[in-house]
Amino acid sequence: MSKLRSTLVLAVSVCLLSACADDPLGVNSGDPLTPEEMQAVFSAISETFSTLSFAPAAAGGPARAVISVNESFSATAPCDIGGSFAAAGSANGTVDDETFLLDLSFQLRLTPNGCIVATETNTVTLNGAPYVQLSMDFELNETQIVAVGTQTGGIAFTSSDGRSGSCAFEVSFSVTADLEGQSGSSSVSGTVCGVSATGLQVFDVGSPVT
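Remember, it's a predicted structure, so these values are computed and weren't measured experimentally. (Residues numbered from 1 in each chain as written. Predicted model: local features only at pLDDT ≥ 70, side-chain atom pairs only at ≥ 80, totals over all residues. Heavy atoms only, no water.)

Engineer: How should I be thinking about the pairing of strand β8 (residues 183-192) in this particular structure?
Structural biologist: Residues in a regular strand project their side chains so that they alternate between the two faces of the sheet. Note: strand β7 (residues 164-178) against β8, 10 bridges, orientation antiparallel. When the sheet's bridge partners are listed, T176 is paired in β8 with S185. The hairpin formed by β7 and β8 contains 4 residues between the paired strands, and Q182 there has a positive phi angle of roughly 55°. Two elements, β8 and strand β9 (residues 195-196), share 2 bridges in a ladder whose sense is antiparallel. Among the inter-strand pairings, V192 is bridged to a residue of β9, identified as V195. Count of turn residues in the β8/β9 antiparallel hairpin: 2 residues, of which C193 carries a positive phi of about 60°. (Pairing = 2+ DSSP bridges. Helix = DSSP H or I, 4+ residues; strand = E, 2+ residues; numbered from the N terminus.)

Engineer: Any chance you could explain the confidence of the model for the chain here in plain terms?
Structural biologist: As a general rule, the predicted coordinates of low-pLDDT regions are not to be interpreted in detail. On average, residues of the chain carry a pLDDT of 80, and 78% of them reach 70 or more. Taking the mean pLDDT of every element in the chain, the minimum, 46, falls on helix α1 (residues 3-13) and the maximum, 96, on strand β1 (residues 29-30). Contacts of residues 1-22 to residues separated by more than four positions or lying in other chains number 88 contacts, the stretch itself having pLDDT below 50. Under a pLDDT of 50 for its full length, residues 206-210 has, in the predicted model, 9 contacts with residues more than four places off or in other chains. (pLDDT = per-residue confidence, 0-100. Contact = heavy atoms within 4.5 Å.)

Engineer: Quick question: what am I supposed to make of the state of the cysteines here?
Structural biologist: Simply put, disulfide is the name for a covalent bond between the sulfur atoms of two cysteines. Taken as a whole, this structure holds 2 disulfides when the rule is applied. Between C79 and C115 runs a disulfide, and the two sulfur atoms are separated by 2.0 Å. The disulfide joining C79 to C115 has a torsion of about -115° about its S-S bond and is therefore left-handed. Taken together, the residues C79 in the loop between β2 (66-78) and β3 (82-96) and C115 in strand β4 (residues 102-118) connect sequence positions 36 residues apart. Each of the two residues, C79 as well as C115, counts as buried. The partner cysteine of C167 in its disulfide is C193, sulfur to sulfur 2.0 Å. Judged by the torsion about the S-S bond (105°), the C167/C193 disulfide is right-handed. Of the two residues, C167 is situated in strand β7 and C193 in the loop between β8 and β9; the sequence distance between them amounts to 26 residues. The exposure classification of C167 matches that of C193, with both residues buried. Within the chain, bonded cysteines paired by disulfides and numbered along the sequence follow the pattern 1-2, 3-4. (Disulfide = S-S within 2.5 Å. Buried < 20%, exposed > 50% of the residue type's maximum accessible area, 1.4 Å probe, protein only.)

Engineer: Any chance you could explain the packing of aromatic side chains here in plain terms?
Structural biologist: Think of a pair of aromatic rings as described by two things: how far the centres are apart, and how the planes are tilted against each other in angle. Applying the stated criterion across every chain yields a total of 1 aromatic pair. Taking 5.7 Å as the distance between ring centres and 75° as the angle between the ring planes, the aromatic pair formed by F42 and F169 counts as edge-to-face. Of this pair, F42 sits in helix α2 (residues 35-51) while F169 sits in strand β7, and the two are 127 residues apart along the sequence. For the pair shown, F42 and F169 are each scored as buried. Between the NZ or CZ atom of R109 and the centre of the ring of Y131, over which it lies, the distance is 4.2 Å. (Phe/Tyr/Trp six-rings, centres within 6.5 Å; stacked < 30°, edge-to-face > 60°. Lys NZ or Arg CZ within 6 Å of the ring centre and 35° of its normal.)

Engineer: Would you mind showing me how to read the side chain of S159 here?
Structural biologist: Mapped onto the fold, S159 is located in strand β6 (residues 144-159). Relative accessible area serves as the criterion here: at 5%, S159 is assigned to the buried category. Engagement of the side chain of S159 in a polar contact is seen with the side chain of D161, the distance being 2.3 Å. Look past the residues within four positions of S159 in its chain and what remains in contact with it is N122, T123 and V124. (Polar contact = N/O pair within 3.5 Å; in protein donor to acceptor, adjacent residues only side chain to side chain.)

Here is the structure:
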């Protein structure tokens with residue numbers, strides 16, 4: 001199973017997230033983040049999904065394989081080294097509770113609260129400025145995952161080498177993961193921290209999980 005499939009199935013199992021209103025505005029200020037640090041931030045955002053573990057409320061009546069989803073929730077997801085992300089949002093669509101095949105649209109607001117992410121040379125501590133809004137449409141079938149979405153908003157950061165500032169997110173992405181071949185492709189456009197987001201990876205589309 002690919003890491004992205006694991007991530008999305010876990011996200012569905014928590015029934016995903018409540019509607020967030022308008023797209024947030026981020027600000028680019030202070031010191032720059034390096035490309036490696038920006039990638040670490042994206043990785044921390046995607047890893048948030050794998051730590052959420054809330055189950056949907058049981059529905060009354062006879063059991064159904066294909067279930068309509070119209071759910072909201074809020075939760076706190078810990079970061080690996082320290083701090084957390086506050087998550088809130090909504091999901092709408094369908095999920096098969098026997099096969100976990102799904103077709104969902106969701107919106108997720110992620111607010112870092114002292115979330116510490118590591119790079120090869122230092123650590124970066126993230127806080128909300130105001131938060132990152134992740135909007136995504138995705139489909140999981142027997143052979144692949146297709147996901148298309150945006151990340152907007154902003155974060156504030158302080159690095160262990162003394163730099164600090166804030167970054168705006170204006171990112172669009174698309175991901176295709178081949179579940180049989182354990183491979184995938186992705187494209188990212190827009191800007192993060194005022195520079196091109198091309199070349200960054202929003203989700204890990206090919207790594208197996210243990």
